[in-house]
2 protein chains.
Amino acid sequence: MTDRPTAKPQARARNRPTADDYFQGIRDRNLSMLARAFTLVESSSPRHQKVAEELLTRLMPLTGNALRIGITGAPGAGKSTFIEAFGLLLVRQGKRVAVLAVDPSSGVSGGSILGDKTRMTNLSSEKDAFIRPSPSAGTLGGVAHKTRECMLIAEAAGFDVILIETVGVGQSETMVADMTDCFLGLMLPGAGDELQGIKRGLLELVDVIAVNKADGKNKDAAELAARQYHNALDSITGRHFDDAPAILTCSARENLGIDKVWKAIEKRCRLRKDSGDFQRRRQQQNLRWLWSIVEDQLRHVMHTHPAVQAICNDVETNVLDGSMPPAAGARRLFSALNLDSRNL
Amino acid sequence: MTDRPTAKPQARARNRPTADDYFQGIRDRNLSMLARAFTLVESSSPRHQKVAEELLTRLMPLTGNALRIGITGAPGAGKSTFIEAFGLLLVRQGKRVAVLAVDPSSGVSGGSILGDKTRMTNLSSEKDAFIRPSPSAGTLGGVAHKTRECMLIAEAAGFDVILIETVGVGQSETMVADMTDCFLGLMLPGAGDELQGIKRGLLELVDVIAVNKADGKNKDAAELAARQYHNALDSITGRHFDDAPAILTCSARENLGIDKVWKAIEKRCRLRKDSGDFQRRRQQQNLRWLWSIVEDQLRHVMHTHPAVQAICNDVETNVLDGSMPPAAGARRLFSALNLDSRNL
């Protein structure tokens, strides 16, 4: 019989892992439980979120011991190939490596360009590596939030290095820089592509710049691009000597210079640890994270609150036809929330 | 006697303009009343805000008839000189021109770099021109909000063209693009400076690019820069033929090509009006404005609410020492607001 009692929905519900099951599994470095915990925190079901919160609270003492590295790069910069080479280098040094992603477009485009594990076949077959595609749910803030929680879970599961990659859509680079200890920008040699990297905002975020594909006939172009980044950094950003990004060339395909990128990242982190910046940075990141969750929730409530929804169409219509100034409309919507307004 | 009864605070208070005084003054194009109305909407006093809201509600039917043009440019691109030449061109065509600014740094740096009317002496002495520095209060969102209200007031006072300039700090360019009909990027000739413009984000916002300072020995460099922007636009942004920015050179100092910039802006606006995009764009801008005010208010309440402040230190401490996951802390802060949470 296929319809055995244990297969009933009710029985299955009873077999769902509890927060304690997850906790034990993660502490014991059980990779299938790790994957299920990622799915749990990414779920938007209130019941799952409750279990996730309990799990995270219990896991907190086990977190914080990994090095958190953000990686960005324009499409075509060879990010997958680089991460595979970089991850394998670390695995061979005896480290356990988790790869997460923040790709706000993955929900929109249907298939996540970061979701394809097969693009890192060598790394994903290593027992000490774990690759997780980007959560595809909702806003960039939501995606970043869930990725941060996955990062904590991976740390509790004993991973030594967490790589968080992003495609650099919208503010995703800023968000990844704000959840990592060190931020690597992967660039391409050559003029047209090189321009992609000259976003002042990005140059203010990165700690290490690696011009990839520095092999064969691209070698000279890569060296040239590295020099151009050097000049651009001097003229565009106001970053000073100690804080200026390291600029390197490498070839992930030929496995050249990958160790130098790692050494540059290690050096930056060591300097930050020595100065106390490393810990301060993480604390500030946690505080900003805390408040960004609160703000996301407020925004959500604002848009879904029944009293707001009841008048929302009227207000929007009046604002659209120009009979109500937006500030007056905003005051009406805001009052509908009926916030306890003593002292406001 | 200097201490005459009418000078008493109470009497002075009675002499403060009412919403109706402001309304009449603005409708009659009284420039000193216009300046006072700008100060009124920029005030953070609840009493002033109440008058401002009443005033704006009454003025709404008189708004919407100006062309709203955003102007950005790196420091040194000659923005003041350009705006003066551009404004004078329009004034000589019989148009009335108001210049407003969004400069989120003006509060921080003390003296606003946009606040100095003396830098546009010729334009500011024209009776058909009005120059107003950036509001210096608070967040970028707050500055942008007040600038939008000033724009509506200027429209009600019969100005035909509103120029809104920004220095491009943080997200200010995005905000100015979102309150105008057409967005102009002022660029510099020459390699180092030319890089400043190659921010993909900016290239996605601008409708017209003008490489300024195309005079004397810079002429060739300006033409070259214009070609480079052309190439960069092709390779970097996905903007198509009809929507691709016009790229021109000009010299504000020598008053060369300024009319071409105006023609390019006019053409872009005419195309948008013909297609209906012009009106749709303004409607979408108004809706986003409405909700952004609501979100700003929510954020403000969140940070100042007594019940949140009462537990805020504890929660932050627990998050910082790692004993509480940020999501759990956020839930505690959020519950303190005691929002009516049926249906949430």
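Taking an unreviewed UniProt entry as the reference, chain A is identified by name as Putative GTPase ArgK belonging to Crateriforma conspicua.

J.: So what exactly am I meant to see when it comes to the nonpolar core here?
T.: With 144 residues, the main nonpolar core has Ile153(A), Ile162(A), Leu333(A), Ile153(B), Ile162(B) and Leu333(B) as its most contacted residues. In this view, Leu333(A) contacts Met302(A), Val308(A), Ile311(A), Cys312(A), Val315(A), Leu290(B), Trp291(B) and Val294(B); residues no more than four positions away in its chain are not counted.

J.: Mind showing me how you'd approach the sheet that holds strand β5 (residues 182-187) of chain B here?
T.: One key point about sheets: their strands pair by backbone hydrogen bonds, in either a parallel or an antiparallel sense. All names here are of chain B. In spatial order, the strands read β3-β2-β4-β1-β5-β6-β7; together these seven strands make up an open sheet with parallel pairing. Either end of the sheet is taken by a strand with one partner, and the two such strands are β3 (129-131) and β7 (246-249). Averaged over all adjacent pairs, the angle separating strand axes in this sheet is 20°, with direction ignored. Sheet analysis places β5 next to strand β6 (residues 208-211), joined by four bridges and oriented parallel.

J.: Help me understand the interface of chain B and chain A in this model?
T.: Bring the parts together and some accessible area is lost; that lost area is often taken as the interface size. Taken together, the 56 residues of chain B in the interface contact 56 residues of chain A. Taking both partners together, chain B and chain A bury about 5400 Å²; carbon and sulfur atoms supply 71% of that area. The interface formed by chain B and chain A includes four salt bridges. In this structure, Glu53(B) and Arg331(A) form a salt bridge, with 2.5 Å as the shortest nitrogen-oxygen distance. Linking chain B with chain A are six residue pairs in polar contact (both at pLDDT 80 or more), by the criterion used here. When residues of the side of chain B that touches chain A are traced back to their parent elements, those giving at least two are α4 (46-59), α7 (140-156), α9 (191-197), α11 (219-236), α13 (277-304), α14 (306-320) and α15 (326-336) of chain B. Per element, the largest residue contribution to the side of chain B that touches chain A is 16 residues, and it comes from α13(B).

Conventions we followed
- Every chain is numbered on its own, with residues counted from 1 as its sequence reads.
- Written order determines the labels here, with chains lettered from A and ligands numbered from 1.
- It should be noted that, the model being predicted, local features are given only for residues of pLDDT at least 70 and side-chain atom pairs only at 80 or more, the latter also being counted only at that level, while totals for whole chains, interfaces and linings use all residues.
- For the side-chain quantities, the full set of heavy atoms in the structure was used; hydrogens and water were omitted.
- Nine residue types can take part in a nonpolar core, namely buried Ala, Val, Leu, Ile, Met, Phe, Trp, Tyr and Cys, and a core is a set of them joined through side-chain atoms within 4.5 Å.
- Partly exposed residues are those whose accessible area sits between 20% and 50% of the maximum for their type, while under 20% is buried and over 50% is exposed, using a 1.4 Å probe and protein chains only.
- Contacts are assigned to residue pairs that have any heavy atoms within 4.5 Å of one another.
- For two strands to be treated as a pair, DSSP must find no fewer than two bridges joining them.
- Under the DSSP-based scheme used, a helix requires at least four consecutive residues in state H or I and a strand at least two consecutive residues in state E, with every element numbered from the N terminus.
- An axis is simply a line fitted to the C-alpha atoms; with a helix, the fit covers only the stretch in contact. Between two such axes, the angle follows the N-to-C directions and lies from 0 to 180 degrees.
- Buried area is a sum: the accessible area each of two parts loses on coming together, probed at 1.4 Å, counted once for each and added.
- Salt bridge, as used here, is a side-chain nitrogen of Lys or Arg placed within 4 Å of a carboxyl oxygen of Asp or Glu.
- What qualifies as a polar contact is a pair of N or O atoms within 3.5 Å, subject to a donor-acceptor requirement within protein and to the restriction that residues adjacent in sequence count only when both atoms come from side chains.

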